[in-house]
Amino acid sequence: MIYSHEVETMCPIAQGVAHGAAPIPEEAKWVKAKEITDISGFTHGIGWCAPQQGTCKLTLNVKEGVIQEALVETIGCSGMTHSAAMAAEILPGRTILEALNTDLVCDAINTAMRELFLQIVYGRSQSAFSEEGLVVGAGLEDLGKGLRSQIGTTYGTLAKGPRYLELTDGYITGLALNEYDEIIGYKFINFGKMMDFIKGGDDANTAFAKAQGQYGRVADAVKIVDPRKE
């Protein structure tokens, strides 16, 4: 250790206050974190790239400083999907400090990792007060049945009004309109369920029919329009 001349010539004074780190909540325990291995938690966060043309939602399950589970969801940029594929391979098994200083290929994913690091090390995790935390695999629960991201894609213009393209229910196949051309419901196809039916042995047409659904006052509609064509 190298000290400046000014410090070398100072007289020593006892450092009386040494209470240590303030405790943070971790999996129903209060922990004075001193090492990376002291950190555990399950949480979510989002990140964005510099031009803000895409975003990433990152979910991490950390046990004793090591990432055990990572869910990487991206939207808005075609290249981000390939970056997410690589990040899913990179993250598990790394400490959160390693992950913070690892190139996760996409700036949006890197930024999400930074935001999650801050949450976790300050005790702001989703599992802060859950005894023993959440099991590895809890990240998949964010996706629901069919294991598909919860996506909402809508579009609108002043000239022609709104278009619902995809919602949590699924891919929108028809918009139900009333006599004033207002949306009062929609029809959809749930691709996750459709693929499950196909994997279960159904042919594509049968699976397509079984995976359809509707929401709202579709039965009261004056007309049904295809949001991608009309």
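First, a word on what this report is: a plain description of the structure on this page.

**Let's talk about the packing of aromatic side chains**
Applying the stated criterion across every chain, the model contains five aromatic pairs. Plain terms: the ring middles of W30 and F129 are 6.4 Å apart, the flat faces sit at 70 degrees to each other, and that makes the pair edge-to-face. Placement of W30 in strand β2 (residues 29-31) and of F129 in the loop between α4 (107-121) and β6 (153-157) is noted, with a sequence separation of 99 residues between them. In this structure, W30 and F129 share a single accessibility class: exposed. When the ring centre of F197 is taken as origin, the NZ or CZ atom of K210, which lies over that ring, is 4.4 Å away. The ring of Y171 has R228 sitting right over it, with the charged end atom 3.7 Å from the ring centre.

**As for the sheet that holds strand β4 (residues 55-63)**
With antiparallel pairing, the three strands of this open sheet are ordered in space as β3-β4-β5. Two strands lie at the open edges of the sheet, namely β3 (41-48) and β5 (66-75), each paired on one side alone. Across the sheet, the mean angle from the axis of one strand to that of its neighbour is 15 degrees, orientation sign disregarded. Taken together, the eight bridges between β3 and β4 define a ladder with antiparallel strand orientation.

**Side note on the pattern of salt bridges**
Taken as a whole and assessed by the stated rule, the structure comprises nine salt bridges. Between K63 and E27 there is a salt bridge, and its shortest N-O distance comes to 3.0 Å. Within this pair, whereas K63 is found in strand β4, its partner E27 is found in the loop between β1 (24-26) and β2, the two being separated by 36 residues in sequence. A residue is classified by how much of its surface remains accessible, and K63, at 21% relative accessible area, is partly exposed. We classify E27 as buried; its relative accessible area is 8%. With a shortest N-O distance of 3.6 Å, D196 and K199 are connected by a salt bridge.

**Topic: the environment of D203**
In this structure, D203 sits in the loop between α5 (191-199) and α6 (204-210). A polar side-chain atom of D203 sits 3.0 Å from the main-chain amide nitrogen of N205. At a separation of 2.8 Å, a polar atom in the side chain of D203 contacts the side chain of T206.

**Examining the layout of surface pockets**
In this approach a probe as big as a water molecule rolls over the atoms, and the regions it shows empty are the leftover space. What the largest pocket holds in volume is close to 220 Å³. Surrounding the largest pocket, I46, T55, C56, K57, E73, T74, I75, D142, L143, S149, Q150 and I151 form its lining. Elements with a minimum of two residues in the lining of the largest pocket: β4 and β5. Tallied by class, the residues present in the lining of the largest pocket amount to five nonpolar, four polar and three charged.

**Quick word on α5**
Capping the start of α5, N190 holds a side-chain oxygen 3.0 Å from the backbone nitrogen of G192, two or three residues further along. A positive backbone phi angle near 115 degrees is found at G201, which sits one or two residues after α5.

**So, the nonpolar core**
In terms of nonpolar packing, the biggest core is built from 24 residues, with L58, L91 and M113 touching the most fellow members. Among the elements of the structure, β4, β5, α2 (78-90), α3 (96-100) and α4 are those that each provide at least two residues to this core. Here this core gets seven residues from one element, more than from any other, and that element is α4. When residues no more than four places from it in sequence are discounted, the contact partners of L91 are L58, L60, I67, A70, V72, A99, L104 and M113. Counting residues in each nonpolar core, the second largest holds seven residues, with L167, L175, Y186 and V225 among its members.

Criteria and thresholds
- Residues numbered from 1 in each chain as written.
- Predicted model: local features only at pLDDT ≥ 70, side-chain atom pairs only at ≥ 80, totals over all residues.
- Heavy atoms only, no water.
- Phe/Tyr/Trp six-rings, centres within 6.5 Å; stacked < 30°, edge-to-face > 60°.
- Helix = DSSP H or I, 4+ residues; strand = E, 2+ residues; numbered from the N terminus.
- Buried < 20%, exposed > 50% of the residue type's maximum accessible area, 1.4 Å probe, protein only.
- Lys NZ or Arg CZ within 6 Å of the ring centre and 35° of its normal.
- Pairing = 2+ DSSP bridges.
- Axes fitted to C-alpha atoms, helices over the stretch in contact; angles between N-to-C directions.
- Salt bridge = Lys/Arg side-chain N within 4 Å of Asp/Glu carboxyl O.
- Polar contact = N/O pair within 3.5 Å; in protein donor to acceptor, adjacent residues only side chain to side chain.
- 1 Å grid on protein atoms, 1.4 Å probe; cavity = no way out; pocket = protein on both sides within 12 Å on 5 of 7 lines; lining within 4 Å.
- Points joined across faces, edges and corners; volume = space filled by probe spheres on them.
- Nonpolar A, V, L, I, M, F, W, Y, C, P; charged D, E, K, R; others polar.
- Core = buried A, V, L, I, M, F, W, Y, C linked by side-chain atoms within 4.5 Å.
- Contact = heavy atoms within 4.5 Å.

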